[in-house]
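# Chain and residue survey
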Amino acid sequence: MKRFTWFNAVSLTLGFAFLYIPMLILIIFSFNESKLVTVWAGFSTKWYGELLQNEAFLDAAWVTIKVAVLSSTAATVLGTMAAYVIVRGGRFYGRTLFSGMIYAPLVMPEVITGLSLLLLFIAIGLDRGVFTIVLAHTTFSMCYVSVVVSSRLVSFDRSVEEAALDLGCTPFEAFRLVTLPIIFPAVLSGWLLAFTLSLDDLVIASFTAGPSSTTLPIKIFSSVRLGVSPEINALSTIMIAIVAVGVISASLVSKRAIARQAKETQEAVRA
Amino acid sequence: MRAGKSFLILVPYLWLLALFLVPFGIVFKISLSDTALAIPPYMPTLDLSAGWAGVREFLSELDFENYVFLTEDDLYFKAYMSSLGIAIVSTLLTLMVGYPIAYGMANASERFRPMLMMLVILPFWTSFLIRVYAWMGILSNEGFLNQFLLWTGIISDPLVIMNTNTAVYIGIVYTYLPFMVLPIYATLEKLDGSLLEAAEDLGCGRIEAFWRVTVPLSRPGALAGSFLVFIPALGEFVIPSLLGGSSTLMIGKVLWEEFFSNRDWPVASAVAVVLLMILIVPIILFQRNQQAAQEADK
């Protein structure tokens, strides 16, 4: 169906304008000389300079990165295991409950997840801090990872794995040498997704953070509540730039990986 | 081999039991407790050292008082109703904004489609908080929208949008738009163009063919997108607290304030349990829709 009409051109233009203009305005005004965020007073990078001297923000950024790296790595391991169990596990006792618990966090309101985890940490007497945020983030992002990884596991040819087993691999070797390389792009995008979810999360982190473990979203939220500030614009611009570079390069890498895999499979079939 | 498999199952299983299911049990239990001036601020607490008698006494002190309280104070009823209203209106608005974008993408030349997909997904990867924040500078009384409209002469007095429900609608449509566009695009892309040609050969006009062929066939995608917007919008906290005003009642915000400002944990827990019960209906409908769509694919 190829009907490129004026209507389509207009709706795409308006749609993407709606998606991108707010962020463009934000970025432009991070270079504003004036403290007033809505009046242009000339180009300046002074807010970036002030941001780099604001220790509260730098500390929060450091906490956020630590939490994101730890939780996304743990979530990738657990989520890949869960995906493997769901797709290849066959029947086992409590399977329905297991798949329910994998999908439920995806639709759970953040306020409920945050509240319930906080009440758990208090009930077992765990001091709140970086560790509790990592536990919380791992729990909800492992579910996203498992969805991403299981969609890849479903679509790949199981006989390759069986061949490896027949040729004398142990199940673990078969996983490491055959399955993992094939699903690796999905595992990587699962990790990236978990990483961004963790960087982004305000609500669950607010419930599970202690007084000494403020993350960047918590810090941004508390200063933004008082109104718009050019420093936050500068910070947002940096974050948008990092994400844009990350997503675009990740998609280029995975495109190349998929193309290479397709080529290798073709060659293998021909041979 | 068997040991390996059990290990593979047990680790994520136990993790989710301990950090997902057990916490809900605790929320439910606390929702049946009473508020107390203590640490933690609720009564009773389970005293296992007293053995069975302690457990029985603990159970006898639990009741549904907090749920009765939710029905007596009409703040909660109003908050649930207004959350439902806001979630429904903004879901419909997102559908109206998202459908034409998805339609345009599906009809674009194949060369451009991956790039358009990327452009829709990219905002989803950028911080949610930043995307909401971006609107604060646009919608305020001296913000860009008002500056622009005053400059063009369309209005003579600034519009009050910030801190109203309108701002909340805009925020929800903006942040959840990718969730609506992608499922609709997925169904439209698969749509068989010859069906439209057939409809036109049989005397349908272009617009009629769109309503009678394209729209019904893209319904699963539109439904999936609507649920993906509606479900998180219902419990939304960030958008109403940054863009909404003091009169914007949403249940996520009420729960937050009950917990952090009033420090009333039992009532906050009861609010959470009721919110979850309200969400079960759309979640089940969503899963049915997904299953039906999957079977149709086979």
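Rules used throughout
- Residues numbered from 1 in each chain as written.
- Chains lettered and ligands numbered in written order.
- Predicted model: local features only at pLDDT ≥ 70, side-chain atom pairs only at ≥ 80, totals over all residues.
- Heavy atoms only, no water.
- UniProt positions renumbered as here; feature names shortened; annotations may be inferred.
- Helix = DSSP H or I, 4+ residues; strand = E, 2+ residues; numbered from the N terminus.
- Buried < 20%, exposed > 50% of the residue type's maximum accessible area, 1.4 Å probe, protein only.
- Contact = heavy atoms within 4.5 Å.
- Axes fitted to C-alpha atoms, helices over the stretch in contact; angles between N-to-C directions.
- Parallel < 35°, antiparallel > 145°, perpendicular 65-115°, else oblique.
- Left-handed = near helix turned anticlockwise from the far one by under 90°.
- Nonpolar A, V, L, I, M, F, W, Y, C, P; charged D, E, K, R; others polar.

In the annotation of an unreviewed UniProt entry, chain B is listed under the name Putrescine transport system permease protein and assigned to Aliiruegeria lutimaris. Note on chain B: under the UniProt heading Subcellular location (unreviewed entry), the record states "Cell membrane". UniProt annotates chain B under Sequence similarities (unreviewed entry) with the comment "Belongs to the binding-protein-dependent transport system permease family. CysTW subfamily."

If you check an unreviewed UniProt entry, chain A appears there as Putrescine transport system permease protein from Aliiruegeria lutimaris. Its UniProt record gives chain A a comment under Subcellular location (unreviewed entry), which states: "Cell membrane".

## Observations concerning the overall build of chain A
The secondary structure content of chain A amounts to 11 helices and 0 strands. With the C-alpha coordinates aligned to their principal axes, the bounding extent of chain A is approximately 70 × 60 × 35 Å. When each of the 271 residues of chain A is scored for burial, the buried share is 48%. In chain A, of all internal contacts separated by at least 6 residues, the share reaching a separation of at least 24 is 69%.

## Remarks on the packing of helix α1 (residues 6-29) of chain A against helix α11 (residues 230-270) of chain A
Residues and elements named next belong to chain A. Where α1 meets α11, the axes come as close as 8 Å, and the angle between the chain directions of the two elements is 120°. Regarding the angle of α1 to α11, the classification is oblique. Our pair here, α1 against α11, has a crossing hand that is left-handed. When α1 is examined against α11, the residues Met 23, Leu 26, Ile 27 and Phe 29 are found in contact with a partner set consisting of Asn 233, Ser 236, Thr 237 and Ile 240. Within the contact of α1 with α11, the residues separate by chemical class into 5 nonpolar, 3 polar and no charged.

## What about the UniProt feature "transmembrane region" (unreviewed entry) in chain B?
The feature "transmembrane region" (unreviewed entry), as given by UniProt, occupies residues 7-28, 79-103, 115-136, 167-188, 222-245 and 265-286 of chain B in the numbering adopted here. Secondary structure content for residues 79-103 of chain B is 100% helix and 0% strand, while the C-alpha to C-alpha distance between its ends is 35 Å.

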